[in-house]
Amino acid sequence: MKRGLIAGLAVILVATPLWTNATDQGRPVLDVIVADVNGDLDGFLDRMKRIQSVAKRLNLPATLRVFQATFADKKNGEIHLYWELPSFIAFAEAETALHNDAEFLAILGEMDAAGQSFRSELLSIEITRK
């Protein structure tokens, strides 16, 4: 799990200069992550609260929200994390800061030990017309 997140971050950091021409770097970013809580939603939510505290301590411009799918057929009950950040650059900086933080890495280790993981991730930029 940790290797996948770190590898994803490396790809983002390397590709960031390429995105500059393809996207407006100042647009808000939404990082959507599908989580496997392994039957322990309360434990997972507690860990996410702790991750929010880490983000606050690091002064990251990120908002973490957790949603559960409903009226979703086979995906009913699926857990989604939404990281809201002001830009791609802020996303890359937040990922770097988090993955250099011992407390954050310890929480990921707890998740791993509890059989919890992140199954997929989707980054998107806001394109709402103003």
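Residues numbered from 1 in each chain as written. Predicted model: local features only at pLDDT ≥ 70, side-chain atom pairs only at ≥ 80, totals over all residues. Heavy atoms only, no water.

### Brief notes about the pairing of strand S3 (residues 79-85)
Most of S3 sits inside the fold, with 5 of its 7 residues counted as buried. Pairing analysis gives 7 bridges linking strand S1 (residues 29-36) to S3, with the strands arranged antiparallel. Bridging from a neighbouring strand, Val-29 pairs with Leu-85 of S3. Alignment of strand S2 (residues 63-68) against S3, held across 6 bridges, turns out to be antiparallel. Following the sheet pairing, Thr-63 is matched in S3 by Glu-84. (Buried < 20%, exposed > 50% of the residue type's maximum accessible area, 1.4 Å probe, protein only. Helix = DSSP H or I, 4+ residues; strand = E, 2+ residues; numbered from the N terminus. Pairing = 2+ DSSP bridges.)

### Some words on the packing of helix H2 (residues 41-57) against helix H4 (residues 102-113)
Relative orientation of the contacting elements H2 and H4 amounts to 170 degrees, with a least axis distance of 10 Å. It follows that H2 is roughly antiparallel to H4 by the angle criterion. Every pair of crossing elements has a handedness; the one defined by H2 and H4 is left-handed. Every residue of H4 that contacts H2 at Phe-44, Arg-47, Met-48, Arg-50, Ile-51, Val-54 and Arg-57 is listed here: Glu-103, Phe-104, Ile-107, Glu-110 and Met-111. Split into classes, the residues belonging to the contact of H2 with H4 amount to 7 nonpolar, no polar and 5 charged. (Axes fitted to C-alpha atoms, helices over the stretch in contact; angles between N-to-C directions. Parallel < 35°, antiparallel > 145°, perpendicular 65-115°, else oblique. Left-handed = near helix turned anticlockwise from the far one by under 90°. Contact = heavy atoms within 4.5 Å. Nonpolar A, V, L, I, M, F, W, Y, C, P; charged D, E, K, R; others polar.)

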